[in-house]
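# Survey of secondary and tertiary structure
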Amino acid sequence: MLGEGILKGLAETAKNFAGSFVSKERLTTVQYPEEREPLPENSRNFPFLVYDGTDWEKGLRCVACQICEKECPPKCIYIEKSKDKKPDYTGKPQIYPAKFDIDISVCMSCQICVEVCPFEAIKMNTEFELATDDRFGGLLLDRKELARSNEYYHQIHPTEAAEVDARLAEEKAKAEAKAKAAAEAAAAKAAAAAAAPAQTPAPAAVKPSEGEPKQ
Amino acid sequence: MIERLDQIFVFLKHWLVGYLPAGWQTAAGVILSVVAIVGLYPALFALTTVLERKGVGRIQNRFGPNRVGPYGIFQPVADGIKSLTKEDIVPTSADGVVHFLAPIAQVVTVFMGFAVLPMGRNMVLIDIDAGLLFYFAMGASTELSVFMAGWSSRNKYSLLGAMRAVAQMISYEVALLLSSVVVVMITGSLSLTKIVEAQNQYSYGLPHWYIFTPWGLAGFLMYAIAATAETNRSPFDLPEGESELVAGYHTEYSGFKFALFFLAEYVAMFSISGLGSTLFLGGWSAPFAFLTWVPSWIWFFGKLFVSMGVFIWLRGTLPRLRQDQLMNFAWKFVLPMCLLNLFVAGLWRFMGEGWLRWVVCSAILMLAYVGIGWAGMRRKQFGPRSYRYAD
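Quick look at the structure, then. (Residues numbered from 1 in each chain as written. Chains lettered and ligands numbered in written order. Predicted model: local features only at pLDDT ≥ 70, side-chain atom pairs only at ≥ 80, totals over all residues. Heavy atoms only, no water.)

Turning our eyes to something else, we now look at the sheet that holds strand 2 (residues 77-87) of chain A. Residues and elements named next belong to chain A. Spatial strand order, 2-3-5: 3 strands in an open sheet with antiparallel pairing. Looking at which strands have only one partner, the edges of the open sheet turn out to be strand 2 and strand 5 (140-141). Two strands pair when backbone bridges link them, and strand 3 (residues 93-103) and strand 5 are joined in this way by 2 bridges, in the antiparallel orientation. Looking at the pairing, Ile102 lines up with Leu141 of strand 5. (Pairing = 2+ DSSP bridges. Helix = DSSP H or I, 4+ residues; strand = E, 2+ residues; numbered from the N terminus.)

Here we come to the packing of aromatic side chains. All chains considered together, the criterion is met by 30 aromatic pairs over all chains. Consider the rings of Phe17(A) and Phe21(A), whose centres lie 5.4 Å apart with planes at 70°: the pair is edge-to-face. Highlighted residues: Phe17(A) and Phe21(A), both in helix 1 (residues 4-22), separated by 4 residues, approximately one helical turn. Phe21(A) sits in the exposed class, given a relative accessible area of 51%. Aromatic rings pair up to connect Tyr41(B), Phe111(B), Phe114(B), Phe270(B), Phe300(B), Phe301(B) and Phe305(B) into one cluster. Taking the ring centre of Phe21(A) as reference, the NZ or CZ of Arg58(B) above it sits at 4.1 Å. For Arg349(B), the ring lying beneath its charged end belongs to Phe350(B), and the centroid distance is 5.4 Å. (Phe/Tyr/Trp six-rings, centres within 6.5 Å; stacked < 30°, edge-to-face > 60°. Buried < 20%, exposed > 50% of the residue type's maximum accessible area, 1.4 Å probe, protein only. Lys NZ or Arg CZ within 6 Å of the ring centre and 35° of its normal.)

Core analysis: the biggest nonpolar cluster contains 70 residues, and Tyr41(B), Phe114(B), Leu275(B) and Leu279(B) have the highest contact counts within it. Looking at this core element by element, the count peaks at 12 residues for helix 14 (residues 323-350) of chain B. With residues up to four places along the chain from it excluded, the contact list for Tyr41(B) reads Phe111(B), Phe114(B), Met119(B), Val267(B), Phe270(B), Phe300(B), Phe301(B) and Leu304(B). Counting 25 residues, the second largest nonpolar core, distinct from the first, contains Cys72(A), Cys76(A), Ile77(A) and Leu139(A). (Core = buried A, V, L, I, M, F, W, Y, C linked by side-chain atoms within 4.5 Å. Contact = heavy atoms within 4.5 Å.)

On to a nonpolar patch on the surface, then. Residue and element names in this part refer to chain B. A cluster of nonpolar side chains, Leu5, Ile8, Phe9, Leu12, Trp15, Leu16, Tyr19 and Leu32, forms an exposed patch at the surface whose accessible area comes to about 780 Å². A per-element tally of the nonpolar patch places helix 2 (residues 8-17) first, with 5 residues. Considering the arrangement of structural elements, one finds Ile8 in helix 2. Residue classification places Ile8 among the partly exposed positions, given a relative accessible area of 34%. (Patch = residues over 30% accessible without salt bridge, like charges linked within 9 Å, V, L, I, M, F, W, Y side chains within 5 Å. Areas by Shrake-Rupley, 256 points an atom, 1.4 Å probe, with all protein chains shown as cover. Salt bridge = Lys/Arg side-chain N within 4 Å of Asp/Glu carboxyl O.)

All names here are of chain A. Applying the stated criterion across every chain yields a total of 16 salt bridges over all chains. Taking the shortest distance from any N to any O, the salt bridge between Asp165 and Arg61 comes out at 3.9 Å. Taken together, the residues Asp165 in helix 7 (residues 158-199) and Arg61 in the loop between helix 2 (56-59) and helix 3 (67-71) connect sequence positions 104 residues apart. For Asp165, a relative accessible area of 27% translates into the label partly exposed. Relative accessible area serves as the criterion here: at 6%, Arg61 is assigned to the buried category.

Let us now look at the sheet that holds strand 6 (residues 147-149) of chain A. Residues and elements named next belong to chain A. Pairing in this open sheet of 3 strands is mixed, and the strands run 4-1-6 from one edge to the other. If you trace the sheet from one side to the other, it starts and ends with strand 4 (122-124) and strand 6, each paired once. Each adjacent strand pair in this sheet contributes to an overall mean axis angle of 50°, direction not counted. For strand 1 (residues 47-51) and strand 6, the ladder comprises 3 bridges, and the chain directions are parallel. For Leu49, the partnering residue across the bridge sits in strand 6 and is Ala147. (Axes fitted to C-alpha atoms, helices over the stretch in contact; angles between N-to-C directions.)

The values reported here are purely geometric and, on their own, carry no functional implication.
Here it is as structure tokens:
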């Protein structure tokens, strides 16, 4: 009969109306500033710079290679290299960024900087409450504002951070083994050199040092 | 004491007016009543907007506004400040004068309707014999302001919205009038106070409201449908169908002028609900004989809020009609039913007291309802939708 559907619809909405006061399950709204849902692990917003240890300036993994600056599609990264060097996580002296700015009003959260970084130095942050009343300076983050500890990285992306740590540890072990081998070789060479002068004249001492790495 | 409470506003007015010299008293009394009406209904409008948003939210299992003040009750204050501080933009190619006059004309005509509505015992601004006629004359002139708004904006969406609004309002005005005529036929008067007096009688503790008769129920349903369409409310909100027409005839309005249109829409809802309860629901009379001690204005405003609740409920339930469905419904269903209802009301009047007229009148109306409904839906196919593409 005419109007049956309307009555059915009215009953349905009345049920919703009354039900929303009774059952909490119906109201799926999360009252945002007071209640928050945990962010999914793979969520991402803007990049940040990872540092090891406690001092952000010393521990910054970035070596100012500028690959991310070149790859960034909207060109929101600006890097200035330092004049001096500081040791990186393997102890090798490296350049560091004297200036590292990201304009997050330009950034499009594409994560390409993260993909191309060979040093695991730049990662995506999950922070999203970045509103500011300063249109220009407020959204231009310098390296201090971008720096976050490795522990923070573990907090926001645990799986990814564990993988990165494993990779870095492996590289470090390799580098250490290499350094050890090199040191041993150097020691052997030194020993050989110590033994050699008695037998051979000066020109002959140069040759083995050239040939050594090949062995 | 109770009687005092019932007449408190009347006494208050007389007491205030009494301080003035005799020559000014009539004019001062009228101005006082007008100020009360013009102050009260916008306040109710503010309350209704937040109740509507919360109600529709609950219907959709949301919270609705709950940030401004406790439970969001100060939301209308925030909205008001927002609309007052917004820039008032007039399009360069718009007709400035008409563009400016349209919202004012709309608000004024909408408020004029309250002049004849009895809001309580002895609480009517002007008690004229042709009150109903006056009301419909004022209601019909809102179409003018709607078209003024649409045409003067020089915007195709505005104009289309206005055209739709006028077509719809004129179509449903016929139904609105015809469904109210039955009440005039039975009461024998166009005066709204007389219509309420006629319904303010009780037998076995139950009131003689017109909705409790077969022709009254049918008339009330037709009236409710036509009133919903007349106030451009969902599901008849085609004139402002935001998915097609941006906002309809008030697309080019911003700031306070837009707020005036919004106000006029809601005040028109109040006014038409007030008329509906006056005609069919006994106006300010109590629903049971033992409740007659409750002040009459409480009943009037209670009925007003119940009908606003129904408006909100319908808005949360029904999807918007298509233009052809709207017109078909008006001319092929509502209008024939209204015409038949006129006949039934006449039959009721001349069949005299007794149970026979109840049976006959109900049977005629039910048969017609089922018959017209069947005839209208006969050719409709309610299967899964089929698509036909151009070759």
